[in-house]
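Secondary and tertiary structure notes
Letter by letter, the chains look like this.
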Amino acid sequence: MQVYEEIGNLPRIAVCIQNLGRVYMMQANYEEAEAYFRRGLIYSEHIGEFDKAIIDFSKTIELGPQRAEAYYRRGIAYENQATSPSQQLVARNGVGVAGVERSKPPANHDSVGSLRSTTVTPESTSCIRSKFDRAAADYGEALTRGLMRPDVYTRRATARALNGSAQLALDDYGKAVRLDTDYAPALFERGTILCDCLGEFDRAITDFDAAIRVKPKQPLAYYNRAVACAAKGDLE
């Protein structure tokens, strides 16, 4: 009755027609949004055309602002824009600050990486920072809309770390680990922040130990643990 009154006491058949029209419009919007989203995934994950992926994910969000996964995927596209060509096609749960190149991890995004292993494109620093800022903002939107997964917190943490916000990054890595105590990427990246940025070598070694326990075939975890041990003077 309330709906009937709100639209001006039209005959009941007109009310039904209007409501059906809204349903059809919602369905059409959903289908259109899904088409943009799927094409964005192809651009982002299979072709590496991140500009086009961002356009498609943005259109998805315009048509369905509550779609958390679209924000998450757009964040990944922004993040990949900011990394070097050799890293752009890598879909992963953690990037890093600079140094050794990393091989492509499995498609399930469960491989650990290194905050020493990400290089950046030769664009201006401000442009790169802007892209990581946008990525972090999109991961935040995804979290706000209910996509509270350890990989989302880990990606936002890494984007923040790459922009120099070590403490915010640590907070997010901690949230990821609280959601999944065996989530190796968060353990590994947090250990790298503790070692490289804060000089907290004992805590870093604890995280590397935990990451190795979960994923014992990750050579970078052993390497980073060795770096932390050497930094604290433990050469045995």
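Heads up: the structure comes first, above all this text.
The structure displayed is predicted, hence computed values, not measured ones.

1. Overview of helix α11 (residues 219–231)
With 13 residues, α11 should cover 18 Å at 1.5 Å per step; its first-to-last C-alpha distance of 18 Å lies within 8% of that length. Buried-residue contacts for α11 involve α9 (184–196) and α10 (201–214).

2. A few points about the environment of Tyr222
On the secondary structure map, Tyr222 appears in helix α11. Taking the relative accessible area as the measure of exposure, Tyr222 reaches 36% and is therefore partly exposed. As for Tyr222 and Asp209, which are separated by 13 residues in sequence, their C-alpha atoms are 8.5 Å apart. Excluding residues that lie within four positions of it along the chain, Tyr222 makes contacts with Ile212 and Pro216.

3. Observations concerning the packing of aromatic side chains
Taken as a whole and assessed by the stated rule, the structure comprises 3 aromatic pairs. Between Phe37 and Phe57, the ring centres sit 5.7 Å apart and the planes meet at 55 degrees, which makes this aromatic pair tilted. You can see Phe37 sitting in helix α2 (residues 12–47) and its partner Phe57 sitting in helix α3 (residues 50–63), a full 20 residues away along the chain. We classify Phe37 as buried; its relative accessible area is 7%. The residue whose ring lies beneath Arg67 is Phe37, and the NZ or CZ to ring-centre distance is 4.2 Å. If you follow Arg149 out to its NZ or CZ, it ends over the ring of Tyr72, 5.1 Å from the centre.

4. Here we look at the packing of helix α8 (residues 166–179) against α9
Two numbers describe how α8 lies on α9: the axes approach to 9 Å, and their chain directions differ by 155 degrees. On the basis of the axis angle, α8 is roughly antiparallel to α9. Handedness of the crossing formed by α8 with α9: left-handed. Residues Ala166, Leu170, Tyr173, Gly174, Ala176 and Val177 of α8 form the contact with α9, whose own contacting residues are Ala186, Leu187, Glu189, Arg190, Ile193 and Leu194.

5. Notes on the environment of Ala35
Inspection of the secondary structure puts Ala35 in helix α2. Along the backbone, Ala35 and Asp56 are 21 residues apart, and their C-alpha atoms lie at a distance of 8.9 Å.

Conventions adopted
Residues numbered from 1 in each chain as written. Predicted model: local features only at pLDDT ≥ 70, side-chain atom pairs only at ≥ 80, totals over all residues. Heavy atoms only, no water. Helix = DSSP H or I, 4+ residues; strand = E, 2+ residues; numbered from the N terminus. Expected span 1.5 Å × (residues − 1). Contact = heavy atoms within 4.5 Å. Buried < 20%, exposed > 50% of the residue type's maximum accessible area, 1.4 Å probe, protein only. Phe/Tyr/Trp six-rings, centres within 6.5 Å; stacked < 30°, edge-to-face > 60°. Lys NZ or Arg CZ within 6 Å of the ring centre and 35° of its normal. Axes fitted to C-alpha atoms, helices over the stretch in contact; angles between N-to-C directions. Parallel < 35°, antiparallel > 145°, perpendicular 65-115°, else oblique. Left-handed = near helix turned anticlockwise from the far one by under 90°.

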